[in-house]
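# Structural overview
The residues making up each chain are set out below.
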Amino acid sequence: MKKWLGIFIASLLIVSLAACGTKNSSSNSDTKLVVGASNTPHAVILEKAKPILKKKGIDLQIVKYSDYVMPNKALDSGELDANYFQHIPYLNLQMKENGYKFAVAGKIHIEPMGVYSKKYKSLKDLPNGAKIIMSNSVSDHGRILSLFEANGLIKLKDGVDKTKATLKDIVDNPKHLKFEYNYDPALLTTLYKNGEGDAVVINSNFAIDAGLNPLKDSIAIEGKESPYVNVIAVRKGDENKKAIKTLVDVLHSKEIQDFILKEWKGAVVPVK
């Protein structure tokens, strides 16, 4: 009897230990979330969110990109669970041109577009025939032209959708500004530092990455009302996944939004 009792107790102990092992294994098993991002400010913001997500059971893995093409290709192929680098007009254009089936999981921040010049201190100082260097990204053209229109240098056609405006939509250009747009966005800071053109239009993420302060170094900058909100993009249908929703909630948290404001002092503006 004692022999069987001993075997029974030992069996219970083994089952109990196995159950504890299963429980511990489950509690230590985080959901992996792979997100592609531009170096600055996107990856920096995600790094700040990483420990918060860890406490919520999400292991955030950040893949950094220096261009605007590969993050969407990687998302489409399934290499990424989400990406965080682009604004809505660019996302819409990419979906139209490449047939991507993406969705916006959350709006996170705005990076104001700025105009920089080594030669002039304001847009009003630009001379007749000034050369304006800008991105070859068509989705940014309307944004750039709207900035020049807001500062009274050009006028766009009445009724045009300003997020889709092109150089052909300029109906008044009293200073005969020459807009040159055959430049990769990543090269614009180098062109500015080399003193190319009379002014260079640069998105804040590239400006910050190159050590520029958009608020102090630009001669003109977009206002907070800009529609060019940077988003968390996912494959269509994934926007309601728990891990994705948790990521967006954390990026919308007061802790992260306060960090964005403190880190970039208005050069990057958080939104919800």
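The rules behind the values
- Residues numbered from 1 in each chain as written.
- Predicted model: local features only at pLDDT ≥ 70, side-chain atom pairs only at ≥ 80, totals over all residues.
- Heavy atoms only, no water.
- Core = buried A, V, L, I, M, F, W, Y, C linked by side-chain atoms within 4.5 Å.
- Buried < 20%, exposed > 50% of the residue type's maximum accessible area, 1.4 Å probe, protein only.
- Helix = DSSP H or I, 4+ residues; strand = E, 2+ residues; numbered from the N terminus.
- Contact = heavy atoms within 4.5 Å.
- Pairing = 2+ DSSP bridges.
- Phe/Tyr/Trp six-rings, centres within 6.5 Å; stacked < 30°, edge-to-face > 60°.
- Lys NZ or Arg CZ within 6 Å of the ring centre and 35° of its normal.
- Salt bridge = Lys/Arg side-chain N within 4 Å of Asp/Glu carboxyl O.

## Things to note about the nonpolar core
Counting 32 residues, the largest nonpolar core has Val35, Leu46, Ile232, Leu247, Leu251, Ile256 and Trp264 as its most contacted members. Of all the elements in the fold, those that place two or more residues in this core are β1 (31-38), α2 (39-55), β2 (58-65), β3 (82-87), β4 (102-110), β12 (229-235), α9 (242-251) and α10 (254-264). Residues in contact with Leu247, not counting those within four places in the same chain, are Leu33, Val35, Leu46, Leu53 and Ile232. Formed by 23 residues, the second largest nonpolar core is a distinct cluster that contains Met113, Leu145, Leu147 and Leu177.

## Points about the environment of Gly266
Along the chain, Gly266 turns up in the loop between α10 and β13 (269-270). When its relative accessible area of 23% is taken as the criterion, Gly266 is described as partly exposed. As a C-alpha pair, Gly266 and Ile110 span 156 residues in sequence and 9.7 Å in three-dimensional space. Dropping the residues within four chain positions of it, Gly266 is found in contact with Pro112, Leu215 and Leu261.

## Considering the sheet that holds strand β10 (residues 199-203)
Across the sheet, 5 strands lie side by side as β9-β6-β10-β5-β11; this open sheet has mixed pairing. Looking at strand neighbours, the two that pair on one side only are β9 (178-183) and β11 (220-221), the edges of this open sheet. Of the strand pairs in this sheet, strand β6 (residues 131-135) and β9 are connected by 4 bridges, and their pairing is parallel. Of the residues in β9, the one forming a bridge with Ile133 is Glu180.

## Re the packing of aromatic side chains
Applying the stated criterion across every chain, the model contains 8 aromatic pairs. Taken together, a centroid distance of 5.8 Å and an interplanar angle of 55° make the contact between Tyr68 and Tyr90 tilted. Of this pair, Tyr68 sits in the loop between β2 and α3 (70-77) while Tyr90 is found in helix α4 (residues 88-98), placing the two residues 22 residues apart along the sequence. Here the aromatic rings of Phe259 and Trp264 are separated by 5.9 Å at their centres, their planes lie at 75°, and the arrangement is edge-to-face. Of the two residues, Phe259 and Trp264, neither departs from the other in class, the shared state being buried. An aromatic cluster is defined as three or more aromatic residues linked by ring pairs; in this entry it consists of Tyr68, Phe85, Tyr90 and Phe206. Lying over the aromatic face of Tyr192, Lys118 brings its terminal NZ or CZ to 4.9 Å of the ring centre.

## Section: the pattern of salt bridges
Tallying each qualifying case throughout the model produces 10 salt bridges. A salt bridge links Lys119 to Asp198, with the shortest nitrogen-to-oxygen separation between them at 4.0 Å. Of this pair, Lys119 sits in the loop between β5 (113-116) and β6 while Asp198 sits in the loop between α6 (188-193) and β10, and the two are 79 residues apart along the sequence. Residue classification places Lys119 among the partly exposed positions, given a relative accessible area of 47%. Judged by its relative accessible area of 14%, Asp198 falls in the buried class.

Coordinates in, geometry out; function isn't part of it.
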